[in-house]
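Coordinates in review
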Amino acid sequence: WDACSGEPISMAKISYPGMPWFVMFSPDGDMMASGSGNILRLWDAHTGVPLKTIESHTGGISCSAFSPDGKRVVTGSPNGTVRLWDVSTGQHIGKAMKGHEDVVDRVAFSPDGELVASASYDTTIRLWHCQSTNAHGEALLGHTSLVNSIAFSPDGTRIASGGEDSKIRLWD
């Protein structure tokens, strides 16, 4: 769809097994990612041709985000884990990042691609080092209900989160 006019620019249809939980473009717009069940699929965004099928979390995939350079994808799972993936190989990078006690509903990369933030139904936000896949400090606490949105500021110095407690929080 043309975002300005609302008119279709391509009628290409991608046959999809199951219901996709999310779909997103890579930063350069050449690739798309989608998730359903425990499968992450990468697609050519111009032709709709499947590029990779990655069997990921055993507990399914609830969310995903491309790294700023488009070379990695991070996924969150209903089982509370976060995983990092190499787009070119389809292989996971490092170990599963564990710390949440409930569904990971949103993930985001920092603008420099060095950190990942994850937001969970367990009311916490966690930060992870992409290089080591280790936790970066303790969980951020402050929401009183599930956290369902997360974003880094453009300079990477702050995080904004939103939750079902009707609060938006800013974190330094």
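Here's what I pulled together on the structure shown here. Note that this is a predicted model, so its numbers are computed, not measured. (Residues numbered from 1 in each chain as written. Predicted model: local features only at pLDDT ≥ 70, side-chain atom pairs only at ≥ 80, totals over all residues. Heavy atoms only, no water.)

Each helix and strand in the protein chain was counted, giving zero helices and 14 strands. Counted from the first residue to the last, the protein chain has its helices and strands arranged as β-β-β-β-β-β-β-β-β-β-β-β-β-β. For a compact globule of 172 residues, the expected C-alpha radius of gyration is about 16 Å, and the protein chain comes in at 16 Å, within 12% of that figure. Principal-axis analysis of the C-alpha atoms places the extent of the protein chain at approximately 45 × 35 × 30 Å. Out of the 172 residues belonging to the protein chain, those deemed buried represent 46%. Put simply, 34% of the contacts in the protein chain that link residues at least 6 apart link residues at least 24 apart. Accessible surface, the protein chain as shown: approximately 9200 Å² in total, 52% of it carbon and sulfur. Of the side-chain charges in the protein chain, 13 are positive and 19 negative, and the distance between the mean point of each set is 4 Å. (Helix = DSSP H or I, 4+ residues; strand = E, 2+ residues; numbered from the N terminus. Rg over C-alpha atoms; globule rule 2.2 N^0.38 Å. Buried < 20%, exposed > 50% of the residue type's maximum accessible area, 1.4 Å probe, protein only. Contact = heavy atoms within 4.5 Å. Areas by Shrake-Rupley, 256 points an atom, 1.4 Å probe, with all protein chains shown as cover. Lys, Arg positive; Asp, Glu negative; His and termini not counted. Charge placed at Lys NZ, Arg CZ, Asp CG, Glu CD.)

As a further point, take the sheet that holds strand 3 (residues 39-44). Spatially, the four strands line up as an open sheet ordered 1-2-3-4, and their pairing is antiparallel. The strands lining the two open edges of the sheet, one partner per strand, are strand 1 (22-25) and strand 4 (50-55). The sheet shows a mean angle of 15 degrees between the axes of neighbouring strands, direction not considered. (Pairing = 2+ DSSP bridges. Axes fitted to C-alpha atoms, helices over the stretch in contact; angles between N-to-C directions.)

Here S120 lies in strand 10 (residues 115-120). Residue classification places S120 among the buried residues on the basis of a relative accessible area of 0%. Side-chain polar atoms of S120 contact the backbone oxygen of D102, separated by 3.3 Å. (Polar contact = N/O pair within 3.5 Å; in protein donor to acceptor, adjacent residues only side chain to side chain.)

Moving on: the pairing of strand 5 (residues 63-66). Across a regular strand the side chains alternate sides, sitting on one face of the sheet and then on the other. Of the two faces of strand 5, the one carrying C63 and A65 and the one carrying S64 and F66 are both buried. Where strand 5 and strand 6 (residues 72-76) come together, four bridges link them in antiparallel fashion. Residue pairing across strands places A65 opposite V74, the latter belonging to strand 6. The turn joining strand 5 and strand 6, which pair antiparallel and follow one another in sequence, is formed by five residues; a positive phi near 75 degrees is taken by G70.

Burial along strand 1 is one-sided: the residues F22 and M24 are buried and none of V23 and F25 is. Relative to strand 2 (residues 31-36), strand 1 runs antiparallel, the two being bridged by four bridges. Considered in strand 2, the bridge of F22 is made with G35. What sits between the antiparallel neighbours strand 1 and strand 2 is a turn of five residues, in which G29 has the positive phi angle 80 degrees.

Turning our attention to the sheet that holds strand 11 (residues 125-129). The sheet built from three strands is open, its strands ordered 9-10-11 with antiparallel pairing. In the strand order of this sheet, the two ends are held by strand 9 (104-109) and strand 11, each with one partner. Recorded for the sheet is a direction-independent mean angle of 20 degrees between the axes of neighbouring strands. Two elements, strand 9 and strand 10, share five bridges in a ladder whose sense is antiparallel. Bridge assignment links V107 to a residue of strand 10, and that residue is S118.

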